[in-house]
Every structure is written in structure tokens, then in C-alpha cells.
Amino acid sequence: MITPEQAGERYIAVHHRLFRAVNDEMSGCGLSMARTKVLLRLREQGPTRQSVLAADFGLSPHSITDVVDALERQGLAERRPDATDRRAKLVAITEAGEACLGVASAARERLLGQIFGALSQEDRATLLRLLDILDDAARPLITSPAVPGTPVVPA
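Residues numbered from 1 in each chain as written. Predicted model: local features only at pLDDT ≥ 70, side-chain atom pairs only at ≥ 80, totals over all residues. Heavy atoms only, no water.

A word on the pattern of salt bridges. Applying the stated criterion across every chain, the model contains ten salt bridges. The closest approach of N and O atoms between aspartate 24 and arginine 20, which form a salt bridge, is 3.6 Å. One end of the pair, aspartate 24, and the other, arginine 20, are both in helix α1 (residues 4–27), four residues apart, so they sit about a helical turn from each other. Since its relative accessible area comes to 45%, aspartate 24 is described here as partly exposed. Taking the shortest distance from any N to any O, the salt bridge between aspartate 85 and arginine 87 comes out at 3.2 Å. Looking at arginine 87, the relative accessible area reads 77%, which means it is exposed. A network of salt bridges, in which partner residues are shared, links Arg49, Asp82, Asp85 and Arg87. (Salt bridge = Lys/Arg side-chain N within 4 Å of Asp/Glu carboxyl O. Helix = DSSP H or I, 4+ residues; strand = E, 2+ residues; numbered from the N terminus. Buried < 20%, exposed > 50% of the residue type's maximum accessible area, 1.4 Å probe, protein only.)

If you trace the three strands from one edge of the open sheet to the other, you get β1-β3-β2, paired in antiparallel fashion. Each end of this open sheet is capped by a strand with a single partner; those strands are β1 (48–49) and β2 (77–82). (Pairing = 2+ DSSP bridges.)

Time to look at helix α2 (residues 33–45). Taking 1.5 Å per residue as the helical rise, α2 with its 13 residues ought to reach 18 Å, and the 18 Å between its terminal C-alpha atoms agrees with that figure. Looking at the residues trailing α2, positive phi occurs at glycine 46, about 85°. (Expected span 1.5 Å × (residues − 1).)

Attention now moves to a nonpolar patch on the surface. A surface patch of nonpolar side chains, about 290 Å² in accessible area, is lined by Tyr11, Ile12 and Leu134. Taking the relative accessible area as the measure of exposure, leucine 134 reaches 48% and is therefore partly exposed. (Patch = residues over 30% accessible without salt bridge, like charges linked within 9 Å, V, L, I, M, F, W, Y side chains within 5 Å. Areas by Shrake-Rupley, 256 points an atom, 1.4 Å probe, with all protein chains shown as cover.)

Once that is clear, we can look at the environment of threonine 48. By secondary structure assignment, the location of threonine 48 is in strand β1. Along the backbone, threonine 48 and glutamate 5 are 43 residues apart, and their C-alpha atoms lie at a distance of 41 Å. Residue contacts for threonine 48: discarding those within four places in its chain leaves Leu42, Leu53, Lys89, Leu90 and Val91. Of note is the side chain of threonine 48, whose polar atom sits 2.7 Å from the backbone oxygen of glycine 46. (Contact = heavy atoms within 4.5 Å. Polar contact = N/O pair within 3.5 Å; in protein donor to acceptor, adjacent residues only side chain to side chain.)

Assignment of secondary structure puts phenylalanine 116 in helix α5 (residues 95–116). Judged by relative accessible area, phenylalanine 116 falls into the partly exposed class, the value being 29%. Apart from the residues lying within four places of it in its own chain, the contact partners of phenylalanine 116 are Leu18, Arg124 and Leu127.

As paired elements, β1 and strand β3 (residues 85–93) share two bridges and run antiparallel to each other. Looking at the pairing, arginine 49 lines up with leucine 90 of β3. Both β2 and β3 contribute to a ladder of six bridges, which runs antiparallel. Bridge assignment links arginine 79 to a residue of β3, and that residue is valine 91.

Here you go:
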């Protein structure tokens, strides 16, 4: 008999391995998953205050500052004045950030295709159904607001 703890430990081990494989692949493009998620959000929402990004991703102000600083050093994002508040800054994706995001996204898609391509269409459907059940069971256990997808981790 397989206990819930054994199944959970196996899931966590596989999750960490998959996360690391995807993060390592994207790091080869100069981005971590954290930085990629911030760039994606900036592309979708446009220039955004750091405090909003921190809240969206459940990060401390220090952690989001580290991510934005790293993106700015790479020339992938920039801080701009906020026209509605002189004290505030907006973070915006740059043209270089858009280009880098395209490369990283292609690498991520390729790796996920390789990994999840090992499953048949039926197995992928079963996996998604099981993940939905696990997500529903875990959701009430989370005290902070949930962000769809994998949480961003500091750069």
C-alpha cells in the first residue's frame, strides 16, 4: 500500500526536479523563472509599480527589488517615473527584455514538450485531472493570496 505521505514525497521530488530543469534551461538564456514571470507580467500589464508586482507574486519588497535590480542590470527592464505620483517608480519591460523573453519562452516550451511529451495524450489528461484534485485539496491550506502557476522565487 502506498501512503499519502509516500505519494506526496514522490510528487515533491519530481516537482523540484522539473522546476530545476526548466529553471536551468531558462538560465542558459540569461533568465530565471522568477525574472521570466516578472517580465511576462510587465508585458501583459504594462509599466507597473514594484509594490504591485510584490503583491501579485507574494514577495517581500526586498525580494522584488532584487528581481527588478537584476532585470535592470541586464537591460531587460527599466524603472520610470510614475506620472501620478512623483515619489513612485514604474517598472517596464525593455525591447531587449521582449527579445530575451521570446528566447526563454521558446527554451521553456521545448523543454516542457520534451518532458511531458513522454506521456500519451490520455496520460496528460489524467495528470491534469489529478493535479486539479490536488490543487483543490491544497488551496484551503494556503493563507496568503494564491498566484496562478508556479510561485515566483527570488532571483
